[in-house]
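# Summary of the model geometry
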Amino acid sequence: MRLLVTRPDEDAGPLLAALAARGHEPVAAPLLTIRFLAEPAIPPAPYQALLVTSANGVRALGARKGELGRLKVFAVGEASAEAASEAGFAEVVSAEGDVASLVRLVAARLSPADGPLLHVAGSVVAGDLKGDLERRGFAVMRAVLYEAVAAMRLPEVARAGLAGGGIEGVLFHSPRTARTFASLAREEGLGGALSPVTAYCLSQAVAEALAGLPFAAVRVAGAPNQSSLLSLIRD
């Protein structure tokens, strides 16, 4: 199948390769652009662990890692865990799911008495990791290290592919990406072009962000990770 991949360029590489290896024709059509922020500085504190909800949070940490490199990392899923390992963190644990899974993992493995937690994040976050953990007694510091800027229009390759009937499926990894696609598709009058297209969504929240668009089908991965999404396409 010819499939649109809407992930940011920084995150899309492994997915594009995996789809091509399975015989598909993936088309990169990023709807978010990642911009790392130089400020603010991360306040020093006796953090007991680092919380990571996206690979871009780890990448944005970059040279500022310093003493934080000794911390145990709790990552939301496989991509963020892999990024943390590649960045040199020695002890990385993956929740292999979503924010709710990460909250349960942290609450089971850590104690609020052992110190605050540091969450490296973007300017827009999915879920309420900080609030959910604070309600369990943890102190959580969120450091906003990057922003994901939404596209103002669909990439030309996406617009032309959909309008010409050459796209069979679109992959969505986040509610924000799905909302951006929905808004731009409506603005550009492409609703009718979606009737033969299947949307492949990482989670139910992603699928709900596409409500009202006339896709042929909206399919949701059995678990919020890339392996399940790829299995969904295979099935």
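What you are looking at is a predicted structure, and each value in this text was computed from that prediction instead of being measured.

### Overview of the overall build of the protein chain
Assigned secondary structure in the protein chain consists of nine helices and 11 strands. Compactness check: the protein chain gives a C-alpha radius of gyration of 19 Å against a globular reference of 18 Å for 235 residues, within 12% of the reference. Overall, the C-alpha framework of the protein chain stretches about 55 × 35 × 35 Å when taken along its three principal axes. Residues classed as buried in the protein chain amount to 48% of the 235 residues present. Within the protein chain, contacts between residues separated by at least 24 positions form 63% of all contacts whose residues are at least 6 apart in sequence. Both charge centroids of the protein chain, one from 22 positive and one from 23 negative side chains, sit 2 Å from each other.

### Re the environment of leucine 3
Counting through the fold element by element, leucine 3 comes out in strand β1 (residues 2-5). A relative accessible area of 0% means that leucine 3 is categorised as buried. Spatially, the C-alpha atoms of leucine 3 and leucine 171 are 7.2 Å apart, while their sequence positions differ by 168 residues.

### Observations regarding the environment of glutamate 39
Along the chain, the position of glutamate 39 falls in the loop between β3 (32-36) and β4 (49-52). We classify glutamate 39 as exposed; its relative accessible area is 55%. A C-alpha to C-alpha distance of 25 Å links glutamate 39 and valine 99, two positions 60 residues apart in sequence.

### A closer look at the sheet that holds strand β5 (residues 72-75)
Spatial strand order, β3-β8-β7-β4-β5-β6: six strands in an open sheet with mixed pairing. Bordering the open sheet on either side are β3 and β6 (92-94), each of which pairs with just one other strand. Each neighbouring strand pair of the sheet contributes to a mean axis angle of 25°, computed without reference to strand direction. Pairing of β4 with strand β7 (residues 117-122), which is carried by four bridges, proceeds in the parallel orientation.

### Observations concerning the pattern of salt bridges
Here the structure, examined in full by the defined rule, presents seven salt bridges. In this structure, glutamate 134 and lysine 130 form a salt bridge, with 2.6 Å as the shortest nitrogen-oxygen distance. Pair noted here: glutamate 134 and lysine 130 are both in helix α5 (residues 129-134), with a separation of four residues, about one helical turn. On the basis of relative accessibility, which here comes to 34%, the residue glutamate 134 falls in the partly exposed class. What makes lysine 130 partly exposed here is its relative accessible area of 24%. Residues participating in the shared-partner salt-bridge network are Asp128, Asp132 and Arg135.

What counts, and where the lines are drawn
- Residues numbered from 1 in each chain as written.
- Predicted model: local features only at pLDDT ≥ 70, side-chain atom pairs only at ≥ 80, totals over all residues.
- Heavy atoms only, no water.
- Helix = DSSP H or I, 4+ residues; strand = E, 2+ residues; numbered from the N terminus.
- Rg over C-alpha atoms; globule rule 2.2 N^0.38 Å.
- Buried < 20%, exposed > 50% of the residue type's maximum accessible area, 1.4 Å probe, protein only.
- Contact = heavy atoms within 4.5 Å.
- Lys, Arg positive; Asp, Glu negative; His and termini not counted.
- Charge placed at Lys NZ, Arg CZ, Asp CG, Glu CD.
- Pairing = 2+ DSSP bridges.
- Axes fitted to C-alpha atoms, helices over the stretch in contact; angles between N-to-C directions.
- Salt bridge = Lys/Arg side-chain N within 4 Å of Asp/Glu carboxyl O.

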